[in-house]
Amino acid sequence: MSQLIWNGLFVGSFYALVALGYSMVYGIIKLLNFAHGDLYMLGAFSGFAMLGAMGGLVKSSSLVALFVVLILTMVATGLSGVVIERVAYRPLRGAPRLSLLITAVGASFALEYGTRIVAGPNPKVYQVRLDGTALHVLGALITWQQLALMAVSIVLMVALNLLITRTRQGRAMRAIALDPKACLLMGIDVDKVISRTFFIGSALAGAAGVMAGGYYGKIDFLMGFIIGLKAFTAAVIGGIGNIPGTMLGGLLLGLLESFGTHFVGGQWRDVFAFGFLILFLTVRPTGLLGERVTERV
Amino acid sequence: MSAGKGATVQDPPVKPVKGRGPTFVTRFLESRHLGWAGLAIGLLAPFVIATPYAMDVMTSAVVFVMLAVGLNIVVGYCGLLDLGYAAFFAVGAYTSGVLSTELKIPLLATVPAVIVVTVLAGVIIGGPTLRLRSDYLAIVTLGFGEIIRITANNLSITGGPSGIYGIPGLFGDATSSQVVFYYAVLLIVAAAVLLAARLGRSRIGRAWRFVREDEDAAEAMGINTYKVKLAAYIAGAIWGGLAGVLFAAQLSAISPASFTFLQSALVLMAVVLGGMGSTPGVVLGAIVISLLPEVLRGLADYRFFAFGVLLIIVMIARPQGLWPHRSRER
Amino acid sequence: MLEVEDLRLSFGGVLAVDGLSFGVGAGEIVSVIGPNGAGKTSAFNCVTGFYKPTAGRIRIDGADVTGRRPSLIASRGVSRTFQNLRVFGEMSVLDNVRAGTHLWLRQRVVDALLHTPRYRRSEREGTEEAHKWLDFVGLRGDRAGLVRNLPYGEQRRVEIARALARRPKLLLLDEPAAGLNHGEKAELLDLIRRIRDLGIAIALIEHDMGLVMEVSDRVVVLNFGREIADGPPEQVRADPAVIEAYLGRDADEAEIEAAREEVGGARGE
């Protein structure tokens, strides 16, 4: 029982980390960034490449190496997110929503198969594998590595929340989410804030990618597809566009899956999660913490 | 960098204005004889090349045309993004495959059941989600596509990962000649294309376009946008399901690997590339997309990457597609 | 024809409409006026089903339609135009007007698939109807081309023609004169009268006082979501509450006189 809860929370913190980028971008420009899951994949691969470049250094102190790689990867995926926004989404701002969604699918495709061209079609195995001693807490088996990864996730999420609620940057983001035109008139550089949002969201996804690589050990160019869908599900459960809601949604989805897997069987895990997505959209489309909005005609 | 800064928020999409008058070529391209010309090309193709391999490729292309035309109803006419279209393809293929092998009946006899099942699937998935904002639909359909694929992978009646084999041909015997089968498929698909085009030019077809253009204004004119969207979704489901029957007949074996997101994305690519809402455009787009791998055999790795980039470029530079829908009336 | 009873609408605590009651009789032209933000468009959106009112009743021909979806209300014989012009820009002018025929055009899917005589007949009928209403509103310009290629004033006409092709009993016009020049306004005035002569009741939101005073049978004045006057134009024009609403409480004599001029200025035109 407590093992199930722990597993759920652990996986859920990954979902939450990826879902945050989804949610932030959606909150600000109302775009479902299909390429977001692929930034997670990109993070895993760039982490893989960096670890490879560091070579022997890695062996001696794997956790430190992974931490350095984590930071560098976040910068790299963050910049990729900015580039994608600049090249694929910005020219279409104000265009019909359908065009934007299709572009996002295109961006996702380009990232996946671009990675495939560079890294090859076969899965890669991380040089660093985080497995180690386990400790028993309330009957659950918890490894130190899991604890470390979860701590990183939590630190990142808390930092993000502070950024959004306490800083000028965060205020600008929230303002743009409400009314981009008014922000323009108020002298806020909307383009710059949107770029930053993409940077932060993508960096978080990249971080999750590296951590997943280090934890699960195996990565491939399509790994972002399912996690992207899961992240979206998490965002919807919590209330898309709502930051604390999204974190909650991620954890909840992790728990649901953990229990679902236990009771229905692992092969039905994804069916279970997406079934929940559809159920949630039907019953409460605004999510647990989302607000009801009356759309103006 | 700073040139268009800010202004981009409000700028309407840039669409090129067509200033040219009707030339002979454009008049032909818009004439109703075009469909006959296309059918003639399809009918004559086996006289040019009829190797078993070529027949196989051509048959696949024609089936793909049917898929694209079906998705065009949903995406092109009604403006709803369906990213799990392969799910209906799968539902159709599996329904006919399971029924024909279990009951030992010809595939054609399963068509009524296929229609019932795909309509049901359309209602189940479209019913709850079509009330929501359209971008939610996109991702829910994506999830639905996965659900169907995983389900097929895990059930015993669908044969699990290895799928179903030994599916009889359209008329009961799997041994009929490839050329005959090609002609049968061609005629069925031609009819499907014609019917889809006719739907587009009718009261319901116009309603779909009104919904795509402006849901509020459509509602104000008495169009129940929810029902109309559901109708488009169901129509798309039927076309996709029937394409699945043809697919099962062609391969006589189906497995979950044929119904991935990649398949859905390729159909979407054909619709977008050809021109959303434009029947000739979509048919052409489907043929191009399905024949491209044959032409660019050595570049398989780059193909999907190029597709992705192409999607972005088309949306930015030419959102109406290569062969746009004729919005002027004669 | 239309009865609105004690209508209330709030957006997260802000009362956009606060206890509004008014009616439109058959063949009547009723204008709804008031300062910006008085709740006119919100009230229209409630009547046509785009907003769900927080409280109150809306009846059409005696049947309660409160909170029903817009298409159902349209099917009861109500048609509308939008404040910020909502035409189907990427479709032809004729197709735009055909949208109005959706509710009454007799054509089933089977007819369309098989191109039955009924399909041909109904398509012909729809096209004729579209041309008829485009003639009626006096559209100048290409009917086969895209709407977005027409000048603004002509697009407004297309929107009105579309609403008329619905064959409504009640037509709601939301600021039809906005953005029109002097000549176009005069034509609009004439058009509104001709619509009324067809026996169609009209509810009109308009800021152009000249037009309102000239054309209306009755004027309803809103301020802060509340109705402050309801009566024939002459009576409303002289109502001190109306003048105050447009000017504020502290207006001095000269300003009131100026306002009177503005509100009443229509007479000369």
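Residues numbered from 1 in each chain as written. Chains lettered and ligands numbered in written order. Predicted model: local features only at pLDDT ≥ 70, side-chain atom pairs only at ≥ 80, totals over all residues. Heavy atoms only, no water.

Observations concerning the overall build of chain A
Scanning chain A from terminus to terminus reveals 12 helices and 4 strands. A compact globule built from 297 residues would reach a C-alpha radius of gyration of about 19 Å, and chain A, at 19 Å, matches this within 12%. When burial is assessed residue by residue, chain A has 57% of its 297 residues classed as buried. Charge-centre separation for chain A: the mean point of 22 positive side chains lies 5 Å from the mean point of 12 negative side chains. (Helix = DSSP H or I, 4+ residues; strand = E, 2+ residues; numbered from the N terminus. Rg over C-alpha atoms; globule rule 2.2 N^0.38 Å. Buried < 20%, exposed > 50% of the residue type's maximum accessible area, 1.4 Å probe, protein only. Lys, Arg positive; Asp, Glu negative; His and termini not counted. Charge placed at Lys NZ, Arg CZ, Asp CG, Glu CD.)

Describing the overall build of chain B
A count of helical and extended segments in chain B gives 13 helices and 2 strands. Taking all 330 residues of chain B together, the buried fraction comes to 56%. Considering only intrachain contacts with a sequence separation of at least 6, the fraction spanning at least 24 residues in chain B is 79%. (Contact = heavy atoms within 4.5 Å.)

Re the confidence of the model for chain B
Residues and elements named next belong to chain B. Model confidence for chain B is summarised by a mean pLDDT of 85, while 88% of its residues fall at 70 or above. Put simply, helix α1 (residues 24-30) is where chain B has its lowest mean pLDDT, 63, and helix α8 (residues 203-213) is where it has its highest, 95. This model gives residues 1-21 a pLDDT under 50, and the stretch forms 25 contacts once residues within four places in sequence are excluded. (pLDDT = per-residue confidence, 0-100.)

Observations regarding the packing of helix α6 (residues 144-166) of chain A against helix α9 (residues 190-216) of chain A
All names here are of chain A. Where α6 meets α9, the axes come as close as 11 Å, and the angle between the chain directions of the two elements is 175°. Between α6 and α9, the angle is such that the two are roughly antiparallel. Counting all contacts with α6, which are made through Gln146, Leu149, Val152, Ser153, Leu156, Leu160 and Leu163, the residues of α9 involved are Ile200, Leu204, Ala207, Met211 and Tyr215. In terms of residue class, the contact of α6 with α9 is built from 10 nonpolar, 2 polar and no charged. (Axes fitted to C-alpha atoms, helices over the stretch in contact; angles between N-to-C directions. Parallel < 35°, antiparallel > 145°, perpendicular 65-115°, else oblique. Nonpolar A, V, L, I, M, F, W, Y, C, P; charged D, E, K, R; others polar.)

Considerations on the pairing of strand β2 (residues 134-137) of chain A
Residue and element names in this part refer to chain A. Two elements, β2 and strand β3 (residues 140-143), share 4 bridges in a ladder whose sense is antiparallel. Paired with Val137 across the strands is Ala140, a residue of β3. The loop that links β2 with its antiparallel partner β3 comprises 2 residues; one of these, Leu138, has a positive phi angle of about 50°. (Pairing = 2+ DSSP bridges.)

With respect to the environment of Arg149 of chain B
Residues and elements named next belong to chain B. Checked against the element boundaries, Arg149 lands in helix α6 (residues 134-154). Measuring from C-alpha to C-alpha, the distance between Arg149 and Gly92 comes to 13 Å, with 57 residues separating the pair along the chain. Those residues in contact with Arg149, other than ones at most four positions away along the chain, are Pro256, Phe259 and Thr260.

A closer look at the confidence of the model for chain A
Looking at chain A as a whole, its pLDDT mean stands at 85, while 93% of the residues score no less than 70. Predicted confidence is poor over residues 293-297 of chain A, with pLDDT under 50, and the contacts of this stretch with residues over four places away or in other chains come to 12 contacts.

A word on the sheet that holds strand β2 (residues 14-24) of chain C
All names here are of chain C. Pairing in this open sheet of 4 strands is antiparallel, and the strands run β2-β1-β4-β5 from one edge to the other. Among the strands making up the open sheet, the edge pair consists of β2 and β5 (63-64). Here strand β1 (residues 2-11) pairs with β2 via 8 bridges, running antiparallel. By the bridge assignment for β2, Glu3 is matched with Gly23. Lying over the sheet, helix α1 (residues 40-47) contacts β1, β2 and β4 (55-60), oriented at roughly 115° with respect to β1.

Points about the pairing of strand β9 (residues 218-223) of chain C
Residue and element names in this part refer to chain C. Counting buried positions along β9 yields 6 of 6 residues, so the element is predominantly enclosed. Along β9, one buried face is formed by Arg218, Val220 and Leu222 and the opposite face, lined by Val219, Val221 and Asn223, is buried too. Examined bridge by bridge, strand β3 (residues 29-33) and β9 share 4 bridges and lie parallel to one another. What sits directly across from Ile33, in β9, is Val221. Note that β9 and strand β10 (residues 226-231) share 5 bridges and pair antiparallel.

Structural notes on the nonpolar core
Formed by 246 residues in total, the largest nonpolar core has its most connected members in Phe34 and Tyr89 of chain A together with Trp208 and Trp239 of chain B. A total of 16 residues in this core trace back to one element, the largest contributor, which is helix α10 (residues 225-251) of chain B. Composition of this core by domain shows at least three residues from each of domain 1 (1-77 + 168-269) and domain 2 (89-167) of chain C. Excluding anything up to four places from it in sequence, Tyr89 of chain A contacts Leu31, Asn33, Ala35, Ile84, Leu100, Thr103, Ala104, Ala107 and Phe198 of chain A. Core analysis: the next-biggest nonpolar cluster, separate from the first, contains 31 residues, Leu2, Leu9, Val32 and Val78 of chain C among them. (Core = buried A, V, L, I, M, F, W, Y, C linked by side-chain atoms within 4.5 Å. Domains from an automatic or database assignment.)

Some thoughts on the sheet that holds strand β6 (residues 78-80) of chain C
In a beta sheet, neighbouring strands pair by backbone hydrogen bonds and run either parallel or antiparallel. Residues and elements named next belong to chain C. Pairing in this open sheet of 6 strands is mixed, and the strands run β6-β7-β8-β3-β9-β10 from one edge to the other. Edge positions in the open sheet fall to β6 and β10, since each of these has one partner strand only. Neighbour-to-neighbour, the strand axes of this sheet turn through a mean angle of 15°, independent of strand direction. One ladder, built from 5 bridges, connects strand β7 (residues 170-174) with strand β8 (residues 201-205); its direction is parallel. Bridge assignment links Asp174 to a residue of β8, and that residue is Ile205. Running at roughly 150° to β8, helix α7 (residues 182-197) makes contact with β3, β7 and β8 of the sheet.

Observations regarding helix α7 (residues 178-200) of chain B
Compared with an ideal rise of 1.5 Å per residue, which puts 23 residues at 33 Å, α7 of chain B spans 32 Å between its outermost C-alpha atoms and is within 8% of the ideal. Between a side-chain oxygen at the N-terminus of α7 of chain B and the backbone nitrogen of Val179 of chain B the separation is 3.1 Å; the capping residue is Ser177 of chain B. (Expected span 1.5 Å × (residues − 1). Polar contact = N/O pair within 3.5 Å; in protein donor to acceptor, adjacent residues only side chain to side chain.)

Focus: the side chain of Ser23 of chain A
Residues and elements named next belong to chain A. Tracing the chain through its elements places Ser23 in helix α1 (residues 2-29). The buried category is assigned to Ser23, whose relative accessible area is 0%. Filtering out sequence-adjacent residues up to four positions away, Ser23 remains in contact with Ala235, Gly239, Ile240, Gly241, Asn242 and Thr246.

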